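Read off the chains here:
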Amino acid sequence: MPDVIPADSVGIVTPQIAQFDTPLALSCGQTLSSYQLVYETYGTLNKNASNAILICHALSGDHHAAGYHTMSDTKPGWWDTAIGPGKAIDTNKFFVIALNNLGGCCGSTGPTSINPETGQRWEASFPIVTVEDWVESQARLADLLGIQTFAAIVGGSLGGMQVLEWSIRFPTRLKSAVIVASAPKLSTQNIAFNEVARQSIRRDPDFFDGNYLENNSVPTNGLGLARMLGHITYLSDDAMGAKFGRQMRHDSYQYNYGIEFEVESYLRYQGEAFTKRFDANTYMLMTKALDYFDPASQTNGDLSAVLSRAQCEFLLVSFTTDWRFAPERSEEIVNALVKAGKLVSYAKIEATEGHDAFLFPIPRYMAVLSTFLTRIASNVTTETL
Amino acid sequence: MRSDLEMIDEWIQPNIRVLDLACGPGELLHHLIQNKKVSGYGLEIGPDDLNTCIKKGIPVLEQNIDEGLQNFDDQSFDLVLMTHALQQFRRPDLLIDEMLRIGKECIITFPNFGHWRSRLHLALKGRMPVSDFLPYNWYDTPNIHFFTFQDFERLCHEKNIKILRWAAVDGHLKDHWWIRSMPNLFSETAIFHISR
């Protein structure tokens, strides 16, 4: 709810929709005959179309990365701290594109959309999409917008996996890759967390095997529980401790299952708020995309062999207290890139926020990002002249 | 460029693969990438130095060398460099082993504590030397090992490390005949090019 738009904001933005009628063959074997992607852009595309940055979103992100839709919005886009005039991803220099991935629930074709063949919502019948499918569809969006080569593709967490896939699949279509708090594949523990999240949704009696909308129902309990679990893993022990400690709701213990500690109330609130803005099928689908991603499987587990296809330069960033995508996971990518002889820089940022740190404007993190992209921008300018 | 850096530049072949340990703001690596077309990476942990490298487009990795270099494969670099930093690490002897495992050759520069002024300072004043070149007190210095030109030479012999060449210079990079004849006494910076 900004009274005035801050000077370093991209301001009021309007989402756009791109319609695609060329069938898209998916990793799972199915084909989407047509689909749409919703996206936003910030800044201005230069004459050569050489200053574009693509933002890839994480598990629960969407196309609304920066600015406000209306003056009555309570919050700006999810990465407003990093995107805007004069910010690390500087919209004075770059033309920034953020989209909602296929299978999403914020305007792009997904489980809540109407299947043109049946005239009904897709719901459970929506095919599972993968990181590879997303990158393929993002490339088509780039074609539509007249962008042959991105100055940079940027993403955190699941978004970082898309960036990595871009560098392998379309090596000539990006000058640089910025991969934040990500991993070359999920660890067993990560897959396990995802499975608990999915089971909590699937076992909700309101889930109806995924066709809940058809049954005028929403599995809010399951989805809320999945989000609560996820939320714990995105924060560090220290961050939660600092925020809530053992703060209590009442002066003394109530000896019942109501809310005793503030952290319980916080988690319940987070879970419930999430169910109002997110679709359970999309959530499950996103966790599957995470689980399946493993580019090194194409080269017998040799990550550096698959990354030898890449031609862009890389920036990797990790955060010290992130245990969901720990620094060691980013370092696996760094080591593979070094082995493959690629241009790569890596910063391990001191942060208390855990995995969520990638969304915070931590000064050193923003400085690294801004320094890297400023150089990329100056290369773009030199080429243009 | 710092004097010892200029000196070693002459020893480095073009187009090789270089790892620069504790690269600081990346002066040498930048020079080598620009002029010798080497490909390489710097390791550094100082946030400002890291950012300077990123600004210049020098590939730099945030990695604490004292925590090990196991992530680098055997003989995966033509040259591993370390300028003015060996004295700051916990076990210089083990670090040299690691450097020679990763690189076919190594170039190491360090301040020679056998320099006559250090000796005189300690002999006459009875206190640890503080100079322009090593401007720290004993309690706050990052330099936790003090060793001389001869000490290093002896360690190489004990470890059967080949000294391919060496240089010994004063603070102004002058390599006068007297420095060459008595490097342990007259050099402020010792430069060694070694291999297995």
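Residues numbered from 1 in each chain as written. Chains lettered and ligands numbered in written order. Predicted model: local features only at pLDDT ≥ 70, side-chain atom pairs only at ≥ 80, totals over all residues. Heavy atoms only, no water.

With an unreviewed UniProt entry as reference, chain B is termed Methionine biosynthesis protein MetW, source organism Marinomonas arctica.

In the annotation of an unreviewed UniProt entry, the entry for chain A reads Homoserine O-succinyltransferase, and the organism field reads Marinomonas arctica. One UniProt comment on chain A, placed under Pathway (unreviewed entry), says "Amino-acid biosynthesis; L-methionine biosynthesis via de novo pathway; O-succinyl-L-homoserine from L-homoserine: step 1/1." Regarding chain A, the relevant UniProt record gives this comment under Catalytic activity (unreviewed entry): "L-homoserine + succinyl-CoA = O-succinyl-L-homoserine + CoA". (UniProt positions renumbered as here; feature names shortened; annotations may be inferred.)

Draft legend 1. Looking closely at the overall build of chain A. A count of helices and strands for chain A gives 10 helices and 14 strands. Taken along its principal axes, the extent of the C-alpha atoms in chain A is 70 × 50 × 50 Å. Counting every position in chain A, which comprises 385 residues, the buried fraction comes to 57%. Considering only contacts in chain A between residues 6 or more positions apart, those separated by 24 or more positions represent 71%. A total of about 16000 Å² of accessible surface is found on chain A, and carbon and sulfur atoms cover 52% of it. (Helix = DSSP H or I, 4+ residues; strand = E, 2+ residues; numbered from the N terminus. Buried < 20%, exposed > 50% of the residue type's maximum accessible area, 1.4 Å probe, protein only. Contact = heavy atoms within 4.5 Å. Areas by Shrake-Rupley, 256 points an atom, 1.4 Å probe, with all protein chains shown as cover.)

Draft legend 2. Structural context of the UniProt feature "active site" (unreviewed entry) in chain A. Residues and elements named next belong to chain A. Within this structure's numbering, the places UniProt gives as "active site" (unreviewed entry) are S157, D322 and H355. A maximum C-alpha distance of 10.8 Å places the annotated residues, which cover 199 residues in sequence, within one compact spot. As for its placement among the helices and strands, D322 is situated in the loop between β13 (313-319) and α9 (327-339). Setting aside its immediate chain neighbours within four residues, D322 contacts A181, P327, G354 and H355. Mapped onto the secondary structure, H355 falls in the loop between β14 (344-349) and α10 (363-384).

Draft legend 3. Structural view of the pairing of strand β12 (residues 176-180) of chain A. Residues and elements named next belong to chain A. The buried fraction of β12 is high, at five of five residues. Of the two faces of β12, the one carrying S176, V178 and V180 and the one carrying A177 and I179 are both buried. Where strand β11 (residues 152-156) meets β12, four bridges bridge the pair, whose relative direction is parallel. Looking at β12, one finds that G156 is bridged to V180. (Pairing = 2+ DSSP bridges.)

Draft legend 4. Layout of the domain arrangement of chain A. Residues and elements named next belong to chain A. The assigned domain composition of chain A is domain 1 (16-185 + 295-383) and domain 2 (191-287). A straight line from the C-alpha centre of domain 1 to that of domain 2 covers 26 Å. Each side of the interface is counted separately: domain 1 has 26 residues, and domain 2 has 26 residues. Scanning the region where domain 1 abuts domain 2 turns up zero salt bridges. Along the contact surface separating domain 1 from domain 2 lie 13 residue pairs in polar contact (both at pLDDT 80 or more). Residues belonging to the side of domain 1 that touches domain 2 are distributed by class as follows: 12 nonpolar, nine polar and five charged. (Domains from an automatic or database assignment. Salt bridge = Lys/Arg side-chain N within 4 Å of Asp/Glu carboxyl O. Polar contact = N/O pair within 3.5 Å; in protein donor to acceptor, adjacent residues only side chain to side chain. Nonpolar A, V, L, I, M, F, W, Y, C, P; charged D, E, K, R; others polar.)

Draft legend 5. The nonpolar core, seen in detail. Ranked by size, the top nonpolar core spans 106 residues in total, and within it F150, Y283 and F314 of chain A together with F152 and I194 of chain B carry the most contacts. The leading source of residues in this core is helix α7 (residues 280-292) of chain A, at seven residues. Residues from two domains meet in this core; each of domain 1 (16-185 + 295-383) and domain 2 (191-287) of chain A gives at least three. Counting 62 residues, the second-largest nonpolar core is a separate cluster that includes A82 of chain A together with V18, L29 and V38 of chain B. (Core = buried A, V, L, I, M, F, W, Y, C linked by side-chain atoms within 4.5 Å.)

Draft legend 6. Spatial organisation of the side chain of T371 of chain A. Along the chain, T371 of chain A turns up in helix α10. A relative accessible area of 15% means that T371 of chain A is categorised as buried. Every residue in contact with T371 of chain A, bar those within four places of it in the chain, is listed here: N51, I54 and K55 of chain B.

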